[in-house]
Amino acid sequence: MSVKVSIIMPCYNAEKYLDMSIGSVYEQDYPNIELIVVNDGSVDDSESKIFKWKKKFEEKGFSLIYIHQENRGVGAATNTAVKAVRGDYITLLDSDDRLLQGSVSKRANFLNENPDCAGVRSNGWYMKGENRELIIINEAEKKITDLFTALSLGKTNNWPGTYMIRSDVFFSIYPDKNIFPSRFGQNFQMLLPVTYNQKFGYIDEPLMEYYIYENSHSHAKDPIEQYYLSERNSAGWREIYFNVLDRLVKDPKEYKKYENMYNSVYYRGALYRAAANLKKDRMVECFGLLKKTGRMNLDDRVVYYSVLKSPKVLFWKVLCKGKAILTKK
């Protein structure tokens, strides 16, 4: 019999998307699936939508496990779901996204055939309105071998639905089946620890659709609102990262290395957001903190001095241009 795959789906007020997301799981051709849906205190009609699918799943030989809890956030919902996992492999799917046909079987088969891999990732589609584009377009990103470092440096994505991990590796890190229940994410604290000192595979094929909606948890229509939303989310993800790092890395020198890696990404992002929104005090603060990581680059300095309208920007622009010329040779 094929190994069981557990699909975790946190749900909050996702009534209008559930037929798409749960339906995409139901349509999978893999024979041994359990879908664990945690309703995180929805006040819409999500519950009845989920129950309508439960009988269909059972008739197909799948399992749909439904859990209801008071609203505590997506991380807490995932933490609840983890305790119900009975599968050999785990993947996550947001309640407003969709798996493409063959997504589960292709990733499960890869792990069956590659027992040395702790997990496998794949490509997918960004969906916004009628437009779509591939999540991974860079060939170097497809060939990443050290996924932990790549995630620390923001060199690849960690979207739910693009990864599948081995349950035994995951539970060796979380034997109490408790992840950090952050309101700012759920995939990062599950995926990141499984990539530490582990081999991961890659399937160069889009196997899911990641939908981008206006005024969602990560996106807002108003630019100022988007600025503060991005600041809040970035701080939340940073908290997740260091919670995982504290759990995994005990050597002080190694810890400092990864600390500087992630902080450079965090403060660079904050610097560029502040510059774009003319938040000069925040920009000056982030410039100083980014500099302390030892990972500041020429572009960072150009952005900073351009907003300050400092004469120094000319010097850094010349260096950037020279570097670009040398890189082409």
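The residue numbers shown here count from 1 along each chain, following its written sequence. Per-residue local features are limited, in this predicted model, to residues with pLDDT of at least 70; the limit for side-chain atom pairs, both in listing and counting, is 80 or more; totals at the level of whole chains, interfaces and linings are taken over all residues. As a convention, hydrogens and water are excluded, and side-chain values are obtained from all of the structure's heavy atoms.

*Asks:* Mind laying out the pattern of salt bridges, listing which residues take part and the relevant values?
*Replies:* Within this document, salt bridges are pairs made up of a side-chain nitrogen of Lys or Arg and a carboxyl oxygen of Asp or Glu, the two lying within 4 Å of each other. Under the definition given, this model contains 12 salt bridges. Linking Lys142 and Asp204 is a salt bridge whose minimum nitrogen-to-oxygen distance equals 3.3 Å. Within this pair, whereas Lys142 is found in helix α5 (residues 139-142), its partner Asp204 is found in strand β9 (residues 199-211), the two being separated by 62 residues in sequence. With a shortest N-O distance of 2.8 Å, Arg273 and Glu231 are connected by a salt bridge. With Arg273 in helix α10 (residues 252-276) and Glu231 in helix α9 (residues 223-248), this residue pair connects regions lying 42 residues apart in the sequence. For the pair shown, Arg273 and Glu231 are each scored as buried. By sharing partners, the salt bridges in this structure join Glu231, Arg273, Arg282 and Glu285 into a single network. Runs of E in the DSSP output that reach at least two residues are strands. Runs of H or I that reach at least four are helices, and both are numbered from the N terminus. Note on exposure labels: buried denotes an accessible area under 20% of the residue type's maximum, exposed denotes more than 50%, and partly exposed covers the range between, all computed with a 1.4 Å probe on protein chains only.

*Asks:* Can you explain the nonpolar core? Please cite residues and give values.
*Replies:* The nonpolar side chains of a soluble globular protein tend to be buried with one another. Among the buried residues, those of types Ala, Val, Leu, Ile, Met, Phe, Trp, Tyr and Cys that are joined through side-chain atoms within 4.5 Å form a nonpolar core. Formed by 64 residues in total, the largest nonpolar core has its most connected members in Ile90, Phe170 and Tyr241. Those residues within four positions of Phe170 in sequence are excluded, and the remaining contacts are Val82, Ile90, Ile165, Ile179, Met190 and Val194. Note on contacts: a residue pair qualifies if any of its non-hydrogen atoms lie within 4.5 Å across the two residues.

*Asks:* Before we move on, can you summarise the packing of aromatic side chains with the specific residues and values?
*Replies:* The rule is short: rings of Phe, Tyr and Trp, with Trp giving its six-membered ring, pair when the centres are within 6.5 Å, and they are stacked under 30 degrees, edge-to-face over 60, tilted in between. The full count for this structure, using the stated rule, is 27 aromatic pairs. Centroid distance Phe287 to Tyr305: 5.9 Å. Interplanar angle 70 degrees. Geometry classified as edge-to-face. Taken as a pair, Phe287 in helix α11 (residues 280-292) and Tyr305 in helix α12 (residues 298-308) lie far apart in primary sequence, 18 residues in all. Side by side, Phe287 and Tyr305 carry an identical accessibility label, which is buried. What links up through ring pairs into an aromatic cluster is the set Phe148, Phe188, Tyr196, Tyr241, Phe242, Tyr258 and Tyr262.

*Asks:* How would you sum up the side chain of Lys142? Please name residues and give values.
*Replies:* Lys142 sits in the buried class, given a relative accessible area of 15%. Polar contacts involving the side chain of Lys142 include one to the side chain of Asp204, which spans 3.3 Å. Aside from chain neighbours lying at most four places away, what touches Lys142 is Arg121, Asn123, Ile136, Tyr202 and Asp204. Each polar contact in these results corresponds to two N or O atoms within 3.5 Å; when the atoms are within protein, one needs to be able to donate a hydrogen and the other to accept it, and residues that are neighboring in sequence are counted only if both atoms are side-chain atoms.

*Asks:* Just give me the short version of the pairing of strand β4 (residues 89-92), but keep the residues and values in it.
*Replies:* Both faces of β4 are covered, namely the face carrying Tyr89 and Thr91 and the face carrying Ile90 and Leu92. Pairs of strands are assigned from DSSP output, requiring at least two bridges between the strands. In this sheet, β4 lies alongside strand β1 (residues 5-11) in parallel orientation, the contact comprising four bridges. Looking across to β4, one finds that Val5 is bridged to Tyr89. Of the strand pairs in this sheet, β4 and strand β8 (residues 163-166) are connected by two bridges, and their pairing is antiparallel. By the bridge assignment, Ile90 is partnered in β8 with Ile165.

*Asks:* Can you lay out unusual backbone geometry for me, pointing to particular residues and giving the numbers?
*Replies:* Peptide bonds are trans in most cases, and residues, glycine excluded, mostly fall at negative phi. Despite not being glycine, Asn197 shows a phi value in the positive range, around 55 degrees. Mapping Asn197 onto the fold places it in the loop between α8 (188-195) and β9. The residue Lys309 is not glycine, and still its phi comes out positive at about 55 degrees. Structurally, the position occupied by Lys309 is in the loop between α12 and α13 (312-328). Given the relative accessible area of 74%, Lys309 is considered exposed.

*Asks:* Can you explain the environment of Met190? Please cite residues and give values.
*Replies:* Structurally, Met190 can be placed in helix α8. Taking the C-alpha atoms as reference points, Met190 and Ile90, separated by 100 residues in sequence, lie 9.6 Å from one another. What Met190 contacts, discounting residues up to four positions off in sequence, is Ile8, Thr78, Val82, Ile90, Leu92, Ile165, Phe170 and Ile179.

*Asks:* So what's going on with the side chain of Thr195? Which residues, and what values?
*Replies:* Among the secondary structure elements, Thr195 is positioned in helix α8. You can call Thr195 buried: its relative accessible area is 1%. In contact with Thr195, other than residues within four places in its own chain, are Leu147, Phe148, Leu151 and Phe200.

*Asks:* Lay out helix α3 (residues 74-82) with the relevant residues and their values.
*Replies:* A large share of α3 lies buried, amounting to eight of its nine residues. Every buried residue belonging to α3 is among Gly75, Ala76, Ala77, Thr78, Asn79, Thr80, Ala81 and Val82, and all of these are buried. The secondary structure elements touched by the buried residues of α3 are β1, β2 (33-40), β3 (63-69), β4, α7 (167-173) and α8.

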